[in-house]
Amino acid sequence: MDLVSEERGGDLVVRVEEERIDAAIAVRFKDEMRVRLGGPHPRVILDLSRVDFLDSSGLGAVVAVLKEVGADQSFALAALTGNVEKVFRLTRMDTVFTIFPDVESAFGGVAHAS
Amino acid sequence: MPHEDLVDEARKPLMSRDFAGTPEGVREALGAMRRGLDGLEAGSEEAFSAELVVAEALNNVVEHALAGVGEPRFRLGLSHGGRGIYVEICDGGRPMPDGKPPLGAAPVVPAETEALPEGGFGWFLIRELARELTYERCGGENRLTFRLAICQGEVA
C-alpha cells in the first residue's frame, strides 16, 4: 500500500500511489489512512489522481475513512479519475464527500460540493 | 437481418480459466479478462464498467461463497456474442442465501455521516451494469451468468 503524504499550509495531502483500491488492499488502505487522520492537521485531502480502478470494497474503505474524521477535522477528495468518479456517482457517494477537481483547487477554495 | 437470438447463438469463446479464490486471484482474473477483451475495441468507460461488474461478482464469490473453504477456486468464462460479452462465473462454495442473488437496492444516503453504509454497493453495481443475470445451483456448484452490453455487433 503506497501512500505519499505531504504537508501543505498546515493541512495534509495524501496521494494514493496505487492504480487500484480494491478488495486486495481496502483494509490496509483504511488502516493507513486512520494513522494519517490521527495527526494534527485540520484538513486531510486524499489525492486520487493515480487511481484508475475502485471497486465497492475500495469505496467502502473511503467511506470508512470519512467516518473516522475527528470533530475538528475535515476530509476531502481530489482529482478523481473518470472511472473512480463513476463509482462515486452511481452509488451517490459523490453527494457525501467534498470533491475537488484537483489538489490545487483544494487550496484555491473552489470545490464542487454537491 | 437475422433474429437477435440467432445472432447470439454464435458466441466466440474469449477465455475460460480457473483462479485462486482470493482477492489476489480476483486481480489476476481481471487482468486475464482485460487481455481477453483486448482487440474488441471496447471504449475505456465500457471496459471499466465491464471490469467493475466482474470484480464485484468475483469479490462476492471470494468473500461469501468461498469464505473458509479449503483451497478455494473459481472459474471465469467470457464469450463474445452479437449482443455483448457473456460472463460465466462458477465456484464450488456455499450457495447464495435463499438460493437467489441479492436484489441490490440502491444505496440510501443518510443525513448522518456515522450512518453511511460501508458495504452493500456491490450487488447494486452488478444489477445496475449487468443484463440478464441468472444464478443456478447445480451439482454442488454456483453458476452466475450475465451479459455486458458492450462490444455489440458482428462477432469477428
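Keep in mind it's a predicted model, so treat the numbers as computed, not measured. (Residues numbered from 1 in each chain as written. Chains lettered and ligands numbered in written order. Predicted model: local features only at pLDDT ≥ 70, side-chain atom pairs only at ≥ 80, totals over all residues. Heavy atoms only, no water.)

Mind showing me how you'd approach the overall build of chain A here?
Across its full length, chain A holds four helices and seven strands. The helix and strand sequence of chain A, counted from the amino end, reads β-β-β-α-β-β-α-β-α-β-α. Considered along the principal axes of its C-alpha atoms, chain A spans approximately 30 × 25 × 25 Å. Here chain A, with 114 residues, has 54% of them falling under the buried criterion. Carbon and sulfur atoms form 47% of the exposed surface of chain A, whose accessible area is close to 4,700 Å². Charged side chains in chain A number 13 positive and 19 negative. The centres of these two groups are separated by 5 Å. (Helix = DSSP H or I, 4+ residues; strand = E, 2+ residues; numbered from the N terminus. Buried < 20%, exposed > 50% of the residue type's maximum accessible area, 1.4 Å probe, protein only. Areas by Shrake-Rupley, 256 points an atom, 1.4 Å probe, with all protein chains shown as cover. Lys, Arg positive; Asp, Glu negative; His and termini not counted. Charge placed at Lys NZ, Arg CZ, Asp CG, Glu CD.)

Where do I start with the nonpolar core in this structure?
A general tendency of soluble globular proteins is for nonpolar side chains to be buried together. In this structure, Phe75 of chain A together with Leu76 of chain B are the most contacted members of the largest nonpolar core, which totals 72 residues. Ranked by residues supplied to this core, first place goes to helix α3 (residues 44-65) of chain B with ten residues. Those residues within four positions of Leu76 of chain B in sequence are excluded, and the remaining contacts are Met15, Ser16, Arg17, Phe19, Ala29, Met33, Val54, Val87, Glu88 and Ile89 of chain B. Grouped together as the second largest cluster of nonpolar side chains are seven residues, Val13, Ala78, Phe100 and Val103 of chain A included. (Core = buried A, V, L, I, M, F, W, Y, C linked by side-chain atoms within 4.5 Å. Contact = heavy atoms within 4.5 Å.)

So what exactly am I meant to see when it comes to the pairing of strand β4 (residues 131-138) of chain B here?
The two faces of a sheet get side chains in turn, since along a regular strand they alternate between them. Both β4 of chain B and strand β5 (residues 141-148) of chain B contribute to a ladder of six bridges, which runs antiparallel. Counterpart to Arg131 of chain B in the pairing with β5 of chain B is Arg147 of chain B. (Pairing = 2+ DSSP bridges.)

Where do I start with the sheet that holds strand β1 (residues 12-20) of chain B in this structure?
Strand pairing in a sheet relies on backbone hydrogen bonds, with the paired strands running either antiparallel or parallel. All names here are of chain B. Judged by pairing direction, the sheet is antiparallel, and its five strands sit side by side in the order β1-β2-β3-β5-β4 without closing on themselves. Both outer strands of the open sheet, β1 and β4, are each paired with one neighbouring strand and no more. Direction aside, neighbouring strands of the sheet carry axes that sit 15° apart on average. Of the pairings in the sheet, the one linking strand β2 (residues 73-81) to strand β3 (residues 84-91) comprises eight bridges and is antiparallel in character. Counted as the bridge partner of Ser79 is Tyr86 from β3. On top of the sheet, α3 reaches β2, β3 and β5; it is set at about 165° to β5, its chief contact. (Axes fitted to C-alpha atoms, helices over the stretch in contact; angles between N-to-C directions.)

Could you clarify how one ought to interpret the pattern of salt bridges in this entry?
Once their charged atoms are close, side chains differing in charge can pair, the charge on each being opposite to the other. Applying the stated criterion across every chain, the model contains 20 salt bridges over all chains. With its nearest N and O atoms 2.7 Å apart, the salt bridge here joins Arg27 of chain B to Asp22 of chain A. Here the residue Arg27 of chain B occupies a position in helix α2 (residues 23-37), and Asp22 of chain A occupies one in the loop between β3 (20-21) and α1 (26-37), the pair thus bridging two chains. Relative accessible area serves as the criterion here: at 29%, Arg27 of chain B is assigned to the partly exposed category. Taking relative accessible area as the criterion, Asp22 of chain A reaches 4% and is therefore assigned buried. Residues participating in the shared-partner salt-bridge network are Arg20 and Asp22 of chain A together with Arg27, Arg34 and Glu51 of chain B. (Salt bridge = Lys/Arg side-chain N within 4 Å of Asp/Glu carboxyl O.)

Would you mind going over the interface of chain B and chain A with me for this structure?
Interfaces are often sized by the amount of accessible area the parts lose when they come together. With 28 residues of chain B in contact, the opposing surface of chain A contributes 27 residues. Across the interface of chain B and chain A, roughly 2,300 Å² is buried in total on both sides, 63% from carbon and sulfur atoms. When residues of chain B are sorted by the area they lose upon contact with chain A, Arg27, Phe48 and Glu118 of chain B head the list and together hold 28% of the total. Connecting chain B to chain A are four salt bridges. The interface formed by chain B and chain A includes nine residue pairs in polar contact (both at pLDDT 80 or more). For the side of chain B that touches chain A, the secondary structure elements donating two or more residues are α2, α3 and α4 (121-129) of chain B. For the side of chain B that touches chain A, the leading source of residues is α3 of chain B, giving ten residues. (Buried area = accessible area lost by both parts, 1.4 Å probe. Polar contact = N/O pair within 3.5 Å; in protein donor to acceptor, adjacent residues only side chain to side chain.)

I keep staring at the sheet that holds strand β4 (residues 43-47) of chain A and nothing clicks. Help me out?
Residue and element names in this part refer to chain A. Read from one edge of the open sheet, five strands run β1-β2-β4-β6-β7, paired in mixed fashion. Pairing within the sheet leaves two strands with one partner each, and these edge strands are β1 (3-8) and β7 (98-100). Averaged over all pairs of adjacent strands, the angle between strand axes in this sheet comes to 25°, irrespective of strand direction. In the sheet, strand β2 (residues 11-16) pairs with β4 via four bridges, with the strands oriented parallel. Its bridge partner lying in β4, Leu12 is registered against Val44.

Where do I start with the packing of aromatic side chains in this structure?
Pairs of aromatic rings are described using the distance from one ring centre to the other and the angle between the two planes. For the coordinates displayed, the defined rule picks out four aromatic pairs over all chains. Their ring planes at 75° and their centres at 5.7 Å tell us that Phe53 of chain A and Phe48 of chain B sit as a pair that is edge-to-face. Here Phe53 of chain A is found in strand β5 (residues 53-54), whereas its partner Phe48 of chain B is found in helix α3 on a different chain. Taken together, the ring pairs in this structure connect Phe75, Phe88 and Phe97 of chain A into an aromatic cluster. The ring of Phe107 of chain A carries Arg43 of chain A above its face, with NZ or CZ at 5.1 Å from the centroid. Directly above the aromatic system of Tyr86 of chain B lies the positively charged group of Arg11 of chain B, at a separation of 3.6 Å from the ring centroid. (Phe/Tyr/Trp six-rings, centres within 6.5 Å; stacked < 30°, edge-to-face > 60°. Lys NZ or Arg CZ within 6 Å of the ring centre and 35° of its normal.)

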